[in-house]
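Observations on chain architecture
Each chain, written out:
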Amino acid sequence: MINNTKLGVLPLATVLGLAVSTSASAEQVTVFAAASLTTVLTEVAQQYQKQYPADQIRLSFASSSTLARQIAQGAPAQVFVSADLKWMDYLQRQRQIDPASRLNLLGNQLVLVAPAGQARAVSLQPNAAWATGYRGRLCMGAPDSGVPAGLYGQQALKSLNLWNHVKARVVGTEDVRSALAFVERGECDLGIVYQTDAKISPNVKIVATFAPTTHTPIVYPATLMPKSSRSARRFLQYLHSPAAEKVFVRDGFVFKPESAK
């Protein structure tokens, strides 16, 4: 059972409005995206708006599970970028997306981090000794809530026969950036996040990397909603352009846009 101990109050979603235009012909594009994309997608959107200044890009970041449920309930997103396939499939089954526009945009890696001043190497071999009698706090996205990073982490720990040793010490968070923040503050001595999250923080250190074979592939699918505007279609196309690729790759993402069909 996941221990949902509250170590602090963090917003459920981060919403950023970029370069609001005063032009009467401006179109607003609402983009729902996984929390792990906060830094990189904000930069890509700013870059896009230099090229298309009449478009208003509104970014909303949270766990993919939270955003997918909001879309299913009628939230007015036009573009959705998830951190896993599960939640995109969920929306496709409900006919909430335009399946012809769907593509797998990015990949990532799963890592174990510790506060920078307390970091020491941790073994991620099967039945690793450190997990037996573990008394610290392990922060990760709450698997019970469907947070992708938490689901990947749970899969990985189970495949290594470590989950039963540490599950009572897990602090489930609302998204991966919340888990990162708790480790940064030293409120958790270990955390499971994406490599790209760890890369942006000087306050954590990667102490181990999970082998890709321990969990399902980390895939970020992107799509339009059925009634998305022309500007939304242009923005999605920009996400898999060479200009966007440079930013994604620089920040540690694997860039491999391909049709989801």
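Now for a look at the structure at hand. Residue indices follow the written sequence of each chain, beginning from 1 at its first position. With the structure being a predicted model, the display of local features is reserved for residues of pLDDT at least 70 and the display and counting of side-chain atom pairs for 80 or more, all residues being used for whole-chain, interface and lining totals. Heavy atoms throughout the structure, all of them, feed into the side-chain values; hydrogens and water do not.

**Regarding the packing of helix H1 (residues 38-51) against helix H8 (residues 230-239)**
We apply this condition: Think of each axis as a best-fit line through the C-alpha atoms, taken over the contacting stretch in the case of a helix, with angles from 0 to 180 degrees between the N-to-C directions. Strands here are runs of E lasting at least two residues and helices are runs of H or I lasting at least four, both read from the DSSP assignment and numbered beginning at the N terminus. Here the word oblique covers every angle except those under 35 degrees (roughly parallel), over 145 (roughly antiparallel) and from 65 to 115 (roughly perpendicular). By convention, the crossing between two helices is left-handed when the near helix turns anticlockwise from the far helix through less than a right angle, and right-handed when the turn is clockwise. Whether two residues are in contact is decided by their heavy atoms, any of which lying within 4.5 Å being enough.
Here H1 crosses H8 at 120°, and the two axes come no closer than 11 Å. On the basis of their axis angle, the class for H1 and H8 is oblique. Considering only the axes of H1 and H8, their crossing is right-handed. Across from Leu 41, Val 44, Ala 45, Gln 47, Tyr 48 and Gln 51 in H1, the residues of H8 making contact are Ser 231, Arg 234, Phe 235, Tyr 238 and Leu 239.

**Thoughts on unusual backbone geometry**
Located in the positive-phi region is Asn 127, a residue other than glycine, with phi close to 60°. Mapped onto the elements, Asn 127 comes out in the loop between strand S6 (110-115) and strand S7 (138-141).

**Quick notes on the packing of aromatic side chains**
Selection criterion: Centres within 6.5 Å make a pair out of two Phe, Tyr or Trp rings, where for Trp the six-membered ring is used; the pair is then stacked when the planes are under 30 degrees apart, edge-to-face when over 60, and tilted otherwise. Throughout this description, buried means an accessible area under 20% of the type-specific maximum (1.4 Å probe, protein chains only), exposed means over 50%, and partly exposed covers the range between.
With the rule as written, the count across this model stands at 10 aromatic pairs. Between Tyr 48 and Phe 235 the ring centres are 5.1 Å apart and the planes differ by 85°, which places this aromatic pair in the edge-to-face class. Taken as a pair, Tyr 48 in helix H1 and Phe 235 in helix H8 lie far apart in primary sequence, 187 residues in all. Phe 235 carries the same exposure label as Tyr 48, and that label is buried. An angle of 15° between the planes, with centres 6.1 Å apart, marks the rings of Phe 248 and Phe 255 as stacked. Among the aromatic residues, ring-to-ring pairing joins Tyr 152, Tyr 194, Tyr 220, Phe 248, Phe 253 and Phe 255 into one connected group.

**Topic: the pairing of strand S2 (residues 27-34)**
Our working rule: Two strands qualify as a pair provided DSSP detects at least 2 bridges between them. Crossovers are described as right-handed under a simple rule: with the strands pointing away from the observer, the path leading from the first strand over the helix to the second runs clockwise.
With respect to burial, S2 is a largely interior element, 6 of its 8 residues being buried. As judged from the 8 bridges shared by S2 and strand S3 (residues 55-62), these two strands associate in the parallel manner. In the sheet register, Val 29 faces S3, and the bridge partner there is Ile 57. Crossover handedness for the path S2 to H1 to S3: right-handed.

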